[in-house]
Amino acid sequence: MSQSKALFHEEQSFRQIWLLLIIACALLAGPVGVLIEFRSLFGLDPDPAKWAEFWTKLGILACVEGIILVWFLSMKLTTTVKPDGLSLFYRGLYWKDIPISLEEVESIEAKEYSPLFQYGGWGVRYVSKGKAYNVFGNQGVRINYNNGKHILIGSQDLKKLLKAIQQIQA
C-alpha cells in the first residue's frame, strides 16, 4: 500500500486478564517441574554437582520462558484501511503487511461472533471456508467472497472499520 493517509488505523494487543493468568500458570509449571525433578536436593543429597545442574536448568528455563512471555506480550494486530486498500500486520507472527483483497466481494458485514466456539480462539484462525484475525473481544467485520470463503477481522471500533472498508470498496 502507498503512503496515503489512513482512513482507519487500529492496533490491538492480547490483554485479557484470564489469558495472562493462564500464561503465568504455564510459565510457573516449568520451574515447578525442575524443582520436582531435583527434589532430592532438598532432602538427603547435598551433592554440589546436582545443585549446579539444578541452577543451570532453572536459569535456561527462565530465559526461554522470558523470551516467550516478551514475544507474546509484544504481539499486536494492526488494521489499516487506506484509499488504495486494506491491510493487516500481525507483529510477532508475520514479517510484512497482509493485503486483504476486496475483489469479488459478495458482502461486508459488522458481526458479533464467538471467537472460541466459531473460530477456536484468538489469533490467526483457520476454519472451513474462512479465516479470522483477532486478538480481543467478540466483534469484527466479516468480508464474504463470491466463492463462499470469508475473512473476519476483529475490531474494537467496529463501525469505523466497516465504514472505511465500505468507502474504499465502493
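Anything mentioned here points back to the structure above.
Residues numbered from 1 in each chain as written. Predicted model: local features only at pLDDT ≥ 70, side-chain atom pairs only at ≥ 80, totals over all residues. Heavy atoms only, no water.

Engineer: Summarise the sheet that holds strand E5 (residues 105-112); cite the residues concerned and give the values.
Structural biologist: Strand order in this open sheet of five strands is E5-E8-E9-E7-E6, and the pairing throughout is mixed. Strands with a single pairing partner mark the edges of an open sheet, and in this sheet they are E5 and strand E6 (123-127). Looking at each pair of strands side by side, their axes are set apart by 15° on average, direction ignored. Across seven bridges, the pairing between E5 and strand E8 (residues 139-145) is antiparallel. Looking at the pairing, Ile-108 lines up with Ile-143 of E8. Across the sheet, helix H4 (residues 158-169) touches E5, E8 and strand E9 (150-154), and the angle it forms with E5 is around 170°. (Pairing = 2+ DSSP bridges. Helix = DSSP H or I, 4+ residues; strand = E, 2+ residues; numbered from the N terminus. Axes fitted to C-alpha atoms, helices over the stretch in contact; angles between N-to-C directions. Contact = heavy atoms within 4.5 Å.)

Engineer: Talk me through the packing of aromatic side chains; I want residue IDs and the actual numbers.
Structural biologist: Within the structure shown, the criterion is met by one aromatic pair. An angle of 90° between the planes, with centres 5.7 Å apart, marks the rings of Tyr-113 and Tyr-119 as edge-to-face. Comparing Tyr-113 with Tyr-119, the two get one shared label, buried. (Phe/Tyr/Trp six-rings, centres within 6.5 Å; stacked < 30°, edge-to-face > 60°. Buried < 20%, exposed > 50% of the residue type's maximum accessible area, 1.4 Å probe, protein only.)

Engineer: Go over H4, please, and point to the residues and values.
Structural biologist: Under the 1.5 Å per step criterion, the end-to-end length of H4 is 16 Å for 12 residues, consistent within 8% with the ideal 16 Å. For H4, the secondary structure elements touched by its buried residues are strand E1 (8-13), strand E2 (76-82), strand E3 (85-91), E5, E8 and E9. (Expected span 1.5 Å × (residues − 1).)

Engineer: Explain the side chain of Thr-80 to me, using residue names and the numbers behind them.
Structural biologist: Secondary-structure assignment places Thr-80 in strand E2. At 3.1 Å, the side chain of Thr-80 and the side chain of His-9 are in polar contact. (Polar contact = N/O pair within 3.5 Å; in protein donor to acceptor, adjacent residues only side chain to side chain.)

Engineer: Describe the environment of Thr-78, listing the residues and the values that go with them.
Structural biologist: With respect to the element layout, Thr-78 can be found in strand E2. A C-alpha to C-alpha distance of 7.2 Å links Thr-78 and His-9, two positions 69 residues apart in sequence.

Nothing here speaks to function; it is all geometry.
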